[in-house]
Amino acid sequence: MSVPELIRIVSRDSPMALAQVERVRADLAAALPGVRTAVVPVRTTGDKWLGDLAQVEGKGAFTKEVDAALLTGEADLAVHCVKDVPADRPLPAGTAFAAFLERDDVRDALVQLDGLTLDELPAGSRIGTSSVRRVAQLAVSHPHLECVPFRGNANRRLAKLAAGEADALLLAVSGLERIGRRDVISELLSPEAMMPPIGAGILALQCREDDTDLIDAVSALGHPDTHREATAERMFLHVLQGHCNSPIAGYARVDRSGELSLRACVFTPDGKVRLNAHEWAGRLDPATLGTSVAVALLRQGAREIIDGIPH
Ligand SMILES: NCc1[nH]cc(CCC(=O)O)c1CC(=O)O
């Protein structure tokens, strides 16, 4: 194996994405001493467009320009939040995942500048989130709170909150940690209280699939249990074929004894119908576990719920 001399790393140009790149550079420096890295930041459609994502191209809005930089050879390695990489279709032809880094916190958090929790917020409080997954779950757990559309990268959302555009926000703990703003968290929401999205807290490294030297070199950064979790979760979403307006949540977990399980839910937008499944892999490989959980939800009527939501 010949280790490349220079690895050009492409990612979105948000503060969170650039912090993720710095983690990857530190990990690469430790695993491959002497290797040089350069950063190629790109602004994606999803970062430029602050309206409804369904009007651009849904989730691929955060990855398209990053993938293009890999494919044209402007960069060699892409860093993605797995949560933002569409799972309903294959990765762009000619690219492959080379590693999944060790998972960070999967939970969502409430950000409320007076330190209030969800239970303490008065009726009518405005919660800034555009996530159909968060809206559906909050509608059932806290029907007296009102969700207001809120987009932009995490730093911009915090600035809008400080300017009074909402009374509180729901954001991923891992993202707040990456931008150094764990301090604004007023409540950590358990996965039972707010089921996380597929891929939460996982960073993936993506390469051109013929760049085998680089794939071999960066595979040292991969975390085997996170790889199992990400594989089960992404296959689940692939089989379910959701769209960007369908509230879907779920997470896989390798427990202390090494057993993999996957729990997942499909909701109606008002949260009133909630389909649930939880299965252990046993002797199944992670992808087959993902398929099995998706089939369990399809048997409960997930297709009708997903297709019945305008998109
Ligand atoms: N949609 C933007 C996005 N993509 C990934 C994360 C969080 C970090 C992660 O889960 O890897 C966030 C911010 C958020 O939802 O609060």
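Residues numbered from 1 in each chain as written. Predicted model: local features only at pLDDT ≥ 70, side-chain atom pairs only at ≥ 80, totals over all residues. Heavy atoms only, no water.

## Quick word on the site of the ligand
Here's step 1: Inspection of the region around the ligand gives Cys-81, Lys-83, Asp-84, Arg-134, Leu-171, Ala-172, Ser-174, Gly-175, Arg-178, Ala-200, Gly-201 and Ile-202 as its neighbouring residues.
Here's step 2: Measuring from an oxygen atom of the ligand, one finds a side-chain N or O atom of Lys-83 at 2.4 Å.
Here's step 3: One of the side-chain nitrogen or oxygen atoms of Asp-84 is found 3.0 Å away from a nitrogen atom of the ligand.
Here's step 4: Elements represented by at least two residues in the shell around the ligand include exactly β8 (168-172) and α6 (173-178).
Here's step 5: Partitioning the shell around the ligand into residue classes produces five nonpolar, three polar and four charged. (Near = heavy atom within 4 Å. Polar contact = N/O pair within 3.5 Å; in protein donor to acceptor, adjacent residues only side chain to side chain. Helix = DSSP H or I, 4+ residues; strand = E, 2+ residues; numbered from the N terminus. Nonpolar A, V, L, I, M, F, W, Y, C, P; charged D, E, K, R; others polar.)

## Quick look at the domain arrangement of the protein
Here's step 1: What the domain assignment reports for the protein is domain 1 (6-102 + 201-222), domain 2 (108-189) and domain 3 (236-307).
Here's step 2: Averaged C-alpha coordinates put domain 2 and domain 3 at centres separated by 25 Å.
Here's step 3: Across the contact, seven residues belong to domain 2 and 13 residues belong to domain 3.
Here's step 4: Of the roughly 560 Å² buried at the junction of domain 2 and domain 3 (both faces included), carbon and sulfur atoms supply 70%.
Here's step 5: Broken down residue by residue, the surface that domain 2 buries against domain 3 is led by Val-132, Ala-136 and Gln-137, which jointly contribute 63%.
Here's step 6: Between the two partners, domain 2 and domain 3, sit zero salt bridges.
Here's step 7: There are zero residue pairs in polar contact (both at pLDDT 80 or more) connecting domain 2 and domain 3.
Here's step 8: Taken together, the residues of the side of domain 2 that touches domain 3 sort by class into five nonpolar, one polar and one charged. (Domains from an automatic or database assignment. Contact = heavy atoms within 4.5 Å. Buried area = accessible area lost by both parts, 1.4 Å probe. Salt bridge = Lys/Arg side-chain N within 4 Å of Asp/Glu carboxyl O.)

## Here's the deal with the nonpolar core
The tendency in soluble globular proteins is for nonpolar side chains to be buried as a group.
Here's step 1: Counting 25 residues, the largest nonpolar core has Phe-236, Leu-240, Val-266 and Leu-297 as the members making the most contacts within it.
Here's step 2: Those elements that place two or more of their residues in this core are α8 (224-240), β11 (248-254), β12 (260-267), β13 (274-280), α9 (286-299) and α10 (302-307).
Here's step 3: Among the elements that make up this core, the one with the highest residue count is α9 (five residues).
Here's step 4: In this structure Val-266 touches Leu-240, Pro-247, Ile-248, Val-273, Arg-274, Leu-275, Leu-297, Ala-302, Ile-305 and Ile-306, once residues within four positions along its chain are discounted.
Here's step 5: Within the second largest apolar cluster, 21 residues are counted, among which are Ile-7, Val-79, Leu-101 and Leu-221. (Core = buried A, V, L, I, M, F, W, Y, C linked by side-chain atoms within 4.5 Å. Buried < 20%, exposed > 50% of the residue type's maximum accessible area, 1.4 Å probe, protein only.)

## What to know about the packing of aromatic side chains
Here's step 1: On inspection of all chains with the given rule, the structure shows one aromatic pair.
Here's step 2: Ring geometry for Phe-97 against Phe-100: centres 5.0 Å apart, planes inclined by 55°, an arrangement best described as tilted.
Here's step 3: Above the face of the Phe-150 ring, Lys-160 is positioned so that its terminal group lies 4.6 Å from the ring centre. (Phe/Tyr/Trp six-rings, centres within 6.5 Å; stacked < 30°, edge-to-face > 60°. Lys NZ or Arg CZ within 6 Å of the ring centre and 35° of its normal.)

## What about the pattern of salt bridges?
Here's step 1: Per the stated rule, a full pass over the model turns up 20 salt bridges.
Here's step 2: When the shortest N-O distance is used, the salt bridge between Arg-12 and Asp-84 registers 3.3 Å. You can see Arg-12 sitting in strand β1 (residues 6-12) and its partner Asp-84 sitting in the loop between β3 (77-81) and β4 (95-100), a full 72 residues away along the chain.
Here's step 3: Under the relative-accessibility criterion, Asp-84 is labelled buried at 16%.
Here's step 4: When the shortest N-O distance is used, the salt bridge between Arg-228 and Asp-225 registers 3.4 Å. Residue Arg-228 and its partner Asp-225 are located together in helix α8, separated by three residues, close to a single helical turn.
Here's step 5: When its relative accessible area of 31% is taken as the criterion, Asp-225 is described as partly exposed.
Here's step 6: Linked through salt bridges whose partners overlap, the residues forming this network are Arg-8, Asp-76, Arg-208 and Asp-211.

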